[in-house]
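# An overview of the molecular structure
Here is how the chains run, residue by residue.
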Amino acid sequence: MVSGLLLCLCLQAMSAPISTGSPDSLEISLLTCSPHNEVYSIYGHTAIRVSDKSQGRDFVVNYGVFDFNAPHFLWRFTFAIADYEMGILLMPQFMTEYVIRQSSVTEQVLNLTGHEKAMIFNALQENYKPENAKYRYNFFFDNCTTRARNILLNHIDGQVEYRNAEPDKTFRAYVHEFSRDYPWTTFGIDLLLGVGADRMTSRSESQFLPYHLRDDFGSAIIRSTDGTERPLVKQTSMLLKGGPVMTGSDFPLSPKAVMWLLATVILMVTAAETLWLKRVFWWFDALLLFIIGAVGIIICALFFSKHPTVSTNLQALLFNPLPLLMLVPVVRRLRKYDGHWWWGVQCILLILFLIGSFFQNYAVGLTTLALSLLIRWSIRLRLDKVFPERHQKR
């Protein structure tokens, strides 16, 4: 949920002072921006517009400001220790950026009392102080959309009730809803997400997505303590109509096709070794073990992430650093009593991985890949144990 705003514009606008006259002169709106052609924008963006007619001010509060060039940003983002901050953009600057990106911008003017506007404005001023502007970003639970929602709803006199249907999807399903046109992005996200991403979300949790918050706000009413009702949104308009968004990938093969291709190669090499050549290609095993172990380092490292949806990932049963420990005995072509038990360990892990598919949705094609590896490791175990003389022919 990255803002997509140019950092230089954000830094220029952050010097703009926030001031207001009477609360009655304020209009506070929720802005929802569509994705543009950068893949990081596929979920859209949320911001708050504050229009102060008496002061002639019109600015946007943006909780998605970050420095992509900060040291180790991607690693910090992955492990949920990246800091984002609140920024201020003048409305013309904000709109110019989205005109360039060819994104649409929808405005929902909120139906607030003067007292509510004053409380929200004061909260924004407090939030803009240097000691409060930064926050620890979390994709699902604390992002630019949830921050905007909280500062608005926490300063409304009354109870906000939603009239549209309760959500009935998992975090992973919501991610797929927006990333389906980017197959390799979806594959990478599914590879990182764990068991926690497959539980059903509450309405509040589903509002991490800008479009879901927009739709919920559009159906919401405010029930005051005296029992009166009023719609949360009094006016909706499209400020900017975006152009077409490029989707997909330049890579000609989908992740599913690549996984099937890898599985086919593994099975063909295994069949050739066993049925015709009567020998084992140790270098092929070494290559497979290196790839699996290298990916496994990343997957297992995420067990230390502060993202609750990635810290328990059953795909670590397939991708884990253990195969790297097998490289030495494989490359040295050790005999059966020194090496065959490694294949047994891998078979056990793969069987557990396949059982885990009942509890977690894996990245596309991984089950097929795991089955091909299970067949190969099982045959390797059999050859090492029963036909040790074949080691001498490798």
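Predicted model, so just to flag it, every value in this text is computed and none were measured.

### Considerations on the sheet that holds strand E7 (residues 159-162)
Read across the sheet, three strands follow the order E7-E8-E9 without closing on themselves; strand pairing throughout is antiparallel. Since the sheet does not close on itself, it has two edges, and those belong to E7 and strand E9 (229-231), each with one partner. Within the sheet, the average angular offset between the axes of one strand and its neighbour, ignoring direction, is 30 degrees. Note: strand E8 (residues 220-223) against E9, three bridges, orientation antiparallel. Residue pairing for E9: Ile-221 is matched across the bridge by Pro-231.

### So, helix H11 (residues 282-301)
Between its first and last C-alpha, H11 extends 28 Å over 20 residues, near the 28 Å set by a 1.5 Å rise per residue. For H11, the set of buried residues is Phe-284, Asp-285, Ala-286, Leu-288, Leu-289, Ile-292, Gly-293, Gly-296 and Ile-299.

### As for the nonpolar core
In this structure, Ile-48, Tyr-63, Leu-152, Phe-217 and Leu-232 are the most contacted members of the largest nonpolar core, which totals 51 residues. With five residues, the single largest contributor to this core is helix H5 (residues 144-153). Not counting chain neighbours up to four residues away, the residues in contact with Tyr-63 comprise Ile-48, Tyr-84, Glu-85, Met-86, Leu-124, Asn-127, Tyr-135, Cys-144, Arg-147, Ala-148 and Ile-151.

### What to know about the pairing of strand E3 (residues 57-65)
When you tally the buried positions in E3, you get seven out of nine residues, the bulk of the element. Hairpin connection of strand E2 (residues 45-52) to E3: four residues between the antiparallel strands, including Gly-56 at a positive phi of 70 degrees. Direction of pairing for E3 relative to strand E4 (residues 83-90): antiparallel, over a ladder of five bridges. Paired with Asn-62 across the bridge in E4 is Gly-87.

### As for the pattern of salt bridges
Taken as a whole and assessed by the stated rule, the structure comprises 20 salt bridges. Of the charged contacts, one joins Glu-97 and Arg-101 as a salt bridge, the two residues approaching to 3.2 Å between their closest N and O atoms. Of this pair, Glu-97 and Arg-101 both sit in helix H3 (residues 91-101), four residues apart, which is roughly one turn of that helix. A residue is classified by how much of its surface remains accessible, and Glu-97, at 2% relative accessible area, is buried. Its salt-bridge partner being Glu-229, residue Arg-163 comes within 3.4 Å of it at the nearest N-O pair. Of the two residues, Arg-163 is situated in the loop between E7 and helix H6 (171-179) and Glu-229 in strand E9; the sequence distance between them amounts to 66 residues. A network of salt bridges, in which partner residues are shared, links Glu-161, Arg-163, Arg-223 and Glu-229.

The rules behind the values
- Residues numbered from 1 in each chain as written.
- Predicted model: local features only at pLDDT ≥ 70, side-chain atom pairs only at ≥ 80, totals over all residues.
- Heavy atoms only, no water.
- Pairing = 2+ DSSP bridges.
- Helix = DSSP H or I, 4+ residues; strand = E, 2+ residues; numbered from the N terminus.
- Axes fitted to C-alpha atoms, helices over the stretch in contact; angles between N-to-C directions.
- Expected span 1.5 Å × (residues − 1).
- Buried < 20%, exposed > 50% of the residue type's maximum accessible area, 1.4 Å probe, protein only.
- Core = buried A, V, L, I, M, F, W, Y, C linked by side-chain atoms within 4.5 Å.
- Contact = heavy atoms within 4.5 Å.
- Salt bridge = Lys/Arg side-chain N within 4 Å of Asp/Glu carboxyl O.

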